[in-house]
Amino acid sequence: MDLVSVSVLAQLGEMPPTLRALLDSEWALVALFGVFVLEGAMLMYFMPSELIVPGSIVLLGTDALIPVLAVAVLGATLGQYALFLVAKRGGRAYLEEKRWFRVSPERLDKFDGWFDRWGPIAVPVSNALLFTRGMLTVPAGFAEMDDRQFVVYSATGTLVFESVLAALYLVGVSWLF
């Protein structure tokens, strides 16, 4: 096994054993879909989301690259859309009082400002960037962005982000060997 794969597998040690077993089974893509729904809805706190695609490629092999990317985009987009709808229908006060919503009012103000300044195009851009990934979902909901436009923009940003992660992993592997 190459050094990059060993590194990714070592970091996957943070993954709950049950999830690791599911990803090693014939149910891997179904489990992966569920993980990405949680990640998209900003509810995944048990492992770094940047490791999911590279870790999946390590566990499932490079032949699974396209299915893994498809599941990542579909699952994360569904999760983001669910959070978008909660923000759109519930509003800021509703979200801020929920224990599962772990974004501080100050950070939310910052991302509201980004959405106000850049508009809907901020959604795919933020989804494609590390550290801001998904953070414009809630302001987009507050601003009552069009649902279809949100889904397309969310999926586009997620596809870029996950493809870059996969490419970095694959380039790292080929560079070492």
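Novice: So what about the packing of aromatic side chains? Which residues, and what values?
Specialist: One pass over the structure, following the stated rule, counts 4 aromatic pairs. Note on Y81 and F84: the rings are 5.9 Å apart at their centroids and 20 degrees apart in plane angle, and the pair reads as stacked. Of this pair, Y81 and F84 both sit in helix α5 (residues 65–96), 3 residues apart, roughly one helical turn. Here the aromatic rings of F84 and F150 are separated by 4.2 Å at their centres, their planes lie at 10 degrees, and the arrangement is stacked. You can see F84 sitting in helix α5 and its partner F150 sitting in helix α9 (residues 147–176), a full 66 residues away along the chain. Looking at F84, the relative accessible area reads 0%, which means it is buried.

Novice: Give me the lowdown on the environment of S163, citing residues and values where you can.
Specialist: In this fold, S163 is placed in helix α9. Using a relative accessible area of 27% as the deciding quantity, one classes S163 as partly exposed. Put simply, S163 and V53 are 110 residues apart on the chain and 8.7 Å apart in space, counted from C-alpha to C-alpha.

Novice: An account of the pattern of salt bridges is requested, with residue identities and associated values reported.
Specialist: Within this structure, the stated rule accounts for 6 salt bridges. Across the pair R133 and E39 runs a salt bridge, and its minimum N-O distance is 3.0 Å. Within this pair, whereas R133 is found in the loop between α7 (122–127) and α8 (137–142), its partner E39 is found in helix α3 (residues 28–40), the two being separated by 94 residues in sequence. When its relative accessible area of 11% is taken as the criterion, R133 is described as buried.

Novice: Talk me through the side chain of T77; I want residue IDs and the actual numbers.
Specialist: When you line up the elements, T77 lands in helix α5. Judged by relative accessible area, T77 falls into the buried class, the value being 9%. Sequence-distant contacts of T77, that is, excluding residues within four places in its chain, are made with V151, S154 and A155.

Novice: So what's going on with the packing of helix α4 (residues 52–60) against α5? Which residues, and what values?
Specialist: Their axes nearest at 10 Å, the elements α4 and α5 cross at an angle of 145 degrees. Here the hand of the crossing between α4 and α5 comes out right-handed. Counted together, V53, S56, I57 and L60 of α4 and L65, V68, L69 and A72 of α5 form the full contact between these two elements. For the contact of α4 with α5, the residue count by class is 7 nonpolar, 1 polar and no charged.

Novice: Any chance you could break down α4 for me, citing the residues and the numbers?
Specialist: Every α-helical turn comprises 3.6 residues, leaving residues that sit three or four positions apart pointing alike. Most of α4 sits out of view: 7 of its 9 residues are buried. Those residues of α4 that fall on the buried side of the exposure criterion are I52, V53, P54, G55, S56, I57 and V58. Once α4 ends, the next one or two residues include G61, with phi positive near 95 degrees.

Novice: Tell me about the nonpolar core, and name the residues and values.
Specialist: One finds V123, L136, V138, A140 and M145 to be the most contacted residues of the largest nonpolar core, which totals 19 residues. Looking at this core, the elements with two or more residues in it are α5, α6 (105–118), α7 and α8. The element best represented in this core is α5, accounting for 5 residues. With sequence-adjacent residues up to four places away left out, A140 is seen in contact with F84, F115, V123, M145 and F150. I57, A64, V68 and A76 belong to the second-largest nonpolar core, a separate cluster that totals 16 residues.

Conventions adopted
- Residues numbered from 1 in each chain as written.
- Predicted model: local features only at pLDDT ≥ 70, side-chain atom pairs only at ≥ 80, totals over all residues.
- Heavy atoms only, no water.
- Phe/Tyr/Trp six-rings, centres within 6.5 Å; stacked < 30°, edge-to-face > 60°.
- Helix = DSSP H or I, 4+ residues; strand = E, 2+ residues; numbered from the N terminus.
- Buried < 20%, exposed > 50% of the residue type's maximum accessible area, 1.4 Å probe, protein only.
- Salt bridge = Lys/Arg side-chain N within 4 Å of Asp/Glu carboxyl O.
- Contact = heavy atoms within 4.5 Å.
- Axes fitted to C-alpha atoms, helices over the stretch in contact; angles between N-to-C directions.
- Left-handed = near helix turned anticlockwise from the far one by under 90°.
- Nonpolar A, V, L, I, M, F, W, Y, C, P; charged D, E, K, R; others polar.
- Core = buried A, V, L, I, M, F, W, Y, C linked by side-chain atoms within 4.5 Å.

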